[in-house]
Amino acid sequence: MTRDYHREARDIAARLEQEGLTAEAASLVDAIEGGSTGTEILMALRWHLDRIDKGGAVEDPETRRLIVGFGQATGAALGR
């Protein structure tokens, strides 16, 4: 089964939006919509997810868990 990175990122963005973190949510959506290649999109998502995680604004533990797990998955997909 292949992983749907776009869907997962949009799901995380929706959770961030619900928490009132609209800029963080928009950064994930913009990474998907603004990317030209799959690699470019994954690199941008990984960068934004890391920034969001380190920012400490995410309060919901499940959202935080999803961010960390998805960040690790994008890193693994990029061979990092």
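Coordinates for the structure precede this section.
Reference entry: report on the structure contained in this document. The shown structure was predicted, so the numbers you read here are calculated from the model rather than taken from an experiment.

### Quick look at the packing of aromatic side chains
Each aromatic ring pair is summarised here by two numbers: the centre-to-centre distance and the angle between the ring planes.
Here is step 1: The full count for this structure, using the stated rule, is one aromatic pair.
Here is step 2: When the ring of Tyr 5 is compared with that of Phe 70, the centres are 5.9 Å apart and the planes differ by 45°; the resulting orientation is tilted. Highlighted residues: Tyr 5 in helix α1 (residues 5-18) and Phe 70 in helix α4 (residues 61-77), separated in sequence by 65 residues.
Here is step 3: Residue Tyr 5 is classed as partly exposed on the basis of its relative accessible area, which comes to 21%.

### Considering the pattern of salt bridges
Side chains that differ in charge, positive against negative, can pair when their charged atoms come close.
Here is step 1: Tallying each qualifying case throughout the model produces six salt bridges.
Here is step 2: For Arg 15, the salt bridge identified is with Asp 60, shortest N-O distance 2.8 Å. In this pair, Arg 15 is assigned in helix α1 and Asp 60 in the loop between α3 (38-55) and α4, connecting sequence segments 45 residues apart.
Here is step 3: Classification of Asp 60 as partly exposed rests on a relative accessible area of 28%.

### A few points about the side chain of Thr 74
Here is step 1: Among the structural elements, Thr 74 can be located in helix α4.
Here is step 2: Those residues within four positions of Thr 74 in sequence are excluded, and the remaining contacts are Tyr 5, Leu 42 and Arg 46.

Parameters and conventions
- Residues numbered from 1 in each chain as written.
- Predicted model: local features only at pLDDT ≥ 70, side-chain atom pairs only at ≥ 80, totals over all residues.
- Heavy atoms only, no water.
- Phe/Tyr/Trp six-rings, centres within 6.5 Å; stacked < 30°, edge-to-face > 60°.
- Helix = DSSP H or I, 4+ residues; strand = E, 2+ residues; numbered from the N terminus.
- Buried < 20%, exposed > 50% of the residue type's maximum accessible area, 1.4 Å probe, protein only.
- Salt bridge = Lys/Arg side-chain N within 4 Å of Asp/Glu carboxyl O.
- Contact = heavy atoms within 4.5 Å.

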